[in-house]
Amino acid sequence: MVKRVVVVGGGSAGFLAAITIKARAPSLAVTVIRSKEIGIIGVGEGSTAFLPAHLHGYLGIDFREFYRLADPLWKLGIKFVWGKRPFFHYSFENQFEAPRQGLSKNAAYYFPRDGELAHTGAGASLMTLGKAFLRRTNNTPVITRALAYHLENEKFVTFLETYATRLGVEIVDDTIVEVQQDESGVTGLRLAGGTTRSGELYIDCSGFQSLLMGKALAEPYVSFKSSLFCDRAVVGGWQRGDEPVLPYTTAETMESGWCWQIEHEQRINRGYVYSSSFISDEEAEREFRRKNPKVGPTRIVRFASGRHARSWVKNVVAIGNASGFVEPLESTSLAFICTETVWLIEALVDADLQLRPSVAGLFNKRVAKAWDVIRQFLALHYKFNDRLDTPFWRECREKTDLCGAAEFVEYYKENGPSLLWYKTLLSTDDQFQMEGYLAMMVGQRVPYRGEFMPTEAERRAFEWHQRSFEAQARAGYNVRDALAVVRSPQFQWPTDLFPRVCPSAPPAPFTV
Ligand SMILES: Cc1cc2nc3c(=O)[nH]c(=O)nc-3n(C[C@H](O)[C@H](O)[C@H](O)COP(=O)(O)OP(=O)(O)OC[C@H]3O[C@@H](n4cnc5c(N)ncnc54)[C@H](O)[C@@H]3O)c2cc1C
């Protein structure tokens, strides 16, 4: 029976895991061991909409306190400077799947084949106009679940550390120098300071080092190299000047990869993700600086896209970069840390805190599938991006292995953006769902057979919807004005935005 949980690592994975476990099962003694000498990775700043739901719903973290201490900014989606269109938006608000009044098919059928997709949904319109929220007639912002966060990695981890301490998580600052094990798994961790710490369950959140899962248990790593060719990023940024604060992440095509732009209140962070087989670090740095002349000091981060074959082996569960990493496009890691930890703690609570091999087997199956689904979705971004004709992008178009997305692509090419076989084509754990897949196919103008011809009345209805989205968004709040509103003492955060699960509420039945 698990009584003591030892979390290795105090990055965002370590603290998110520790908090989630402690909040859901307060009887467990949870210890985080982290090495200040080694430090944290310092990247990982965009999220998906699942992160706010986890923080404020599952964990019940107070909005006001979180905004005061962690300084999040809103992310409504990703603006892709990708493919032949000037740009398109993948917003968290339903856009491509949506049924709309006056249209016989879902909205994606009516999107123009060429040009930008500026006002094709409420979220897209807000993004195009640089607005964060629509405005109600009583002048309050319309805050929905269709938003994610931009967070400065170190500030976020500091917030999580404070929160963990308050929940009663023990934090040990020391470096693990030896992992002791027998046939049942890990038995203890010897620290540089001379002590040994042990528990019944170990959570490996040691980042790319993967100290327990990779190094001690030697669990094989499944590479995603045949789908995702990038393996490095040059990372930098600058203090914000008079640039407007944008409510989205930008993903921009570069010669041998792509570049993110993440917005913080005082800072703009950029990173060029590239393939070292096509460009050297020095050339990547030069291209990065040429396109971003304000960038200050930079550093290179190396990574290998892939996952461990199993994430739960004996009494060790790997979470975060120690479990796997599928490159930063779509910013999935922070949210997946939360998802994986919820799957784990709900499984443990359900099994009365016993470690059961059958449960570990199912957990592994589900986690592996979830990683593979992220891989297949990202593969679409590389396979169909025809914006640049460079050796890197030619190779991507020719050789990207679509893996699990191949059937969907074949279906799309024959049938267009139809939703009919959606549940058969995609896994229930596919976080992107049809909306995400259609965003990438329609956004990148992947052709399909049998062009749909809307009637004149439908054409007018679609135009009307676009004008209406634009007019509503124009009246909305920009990021700075919205920040002033939510920071004012009178502002009341909605209490019913996310369903609450723990810690203060008695655990409601929760479906994993
Ligand atoms: C280029 C790049 C961009 C990324 N962008 C995003 C993004 O936009 N959004 C997103 O969600 N994710 C992103 N990620 C992933 C991101 O890194 C993770 O989401 C997140 O930061 C989790 O990191 P971690 O906690 O697993 O690892 P780390 O932050 O590396 O933490 C590891 C911890 O383990 C400790 N440790 C290691 N060895 C020892 C030891 N021997 N003894 C004691 N302690 C030890 C370290 O001190 C540290 O505390 C990106 C990753 C890369 C490479």
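Residues numbered from 1 in each chain as written. Predicted model: local features only at pLDDT ≥ 70, side-chain atom pairs only at ≥ 80, totals over all residues. Heavy atoms only, no water.

Caption draft 1: How the structure looks around unusual backbone geometry. The phi dihedral of S210 falls on the positive side, at around 40 degrees, and the residue is not glycine. With respect to the secondary-structure elements, S210 resides in the loop between β13 (201–204) and α6 (211–216). Since its relative accessible area comes to 5%, S210 is described here as buried. The backbone phi angle of E330 is positive, close to 80 degrees, even though this residue is not glycine. Here E330 lies in the loop between β23 (324–325) and α8 (333–350). (Helix = DSSP H or I, 4+ residues; strand = E, 2+ residues; numbered from the N terminus. Buried < 20%, exposed > 50% of the residue type's maximum accessible area, 1.4 Å probe, protein only.)

Caption draft 2: The site of the ligand, seen in detail. Around the ligand, a shell composed of 37 residues is seen, among which G10, S35, G46, I176 and L334 lie nearest. In this structure, S12 approaches the ligand through a side-chain N or O atom, which is 3.2 Å from an oxygen atom. Of all the secondary structure elements, the ones that give two or more residues to the shell around the ligand are α1 (12–24) and α8. It is α8 that provides the largest number of residues to the shell around the ligand, a total of three residues. For the shell around the ligand, the residue count by class is 17 nonpolar, 17 polar and three charged. (Near = heavy atom within 4 Å. Polar contact = N/O pair within 3.5 Å; in protein donor to acceptor, adjacent residues only side chain to side chain. Nonpolar A, V, L, I, M, F, W, Y, C, P; charged D, E, K, R; others polar.)

Caption draft 3: The arrangement of the layout of surface pockets in detail. For the second largest pocket, the calculated volume is near 870 Å³. As for the second largest pocket, its lining consists of 33 residues, of which F50, D430, Q431, F432 and Q433 are closest to the centre. When residues of the lining of the second largest pocket are traced back to their parent elements, those giving at least two are β4 (77–81), β5 (88–91), α8, α9 (357–383) and α13 (433–443). With five residues, the top contributor of residues to the lining of the second largest pocket is α8. Class assignment for the residues of the lining of the second largest pocket results in 15 nonpolar, ten polar and eight charged. (1 Å grid on protein atoms, 1.4 Å probe; cavity = no way out; pocket = protein on both sides within 12 Å on 5 of 7 lines; lining within 4 Å. Points joined across faces, edges and corners; volume = space filled by probe spheres on them.)

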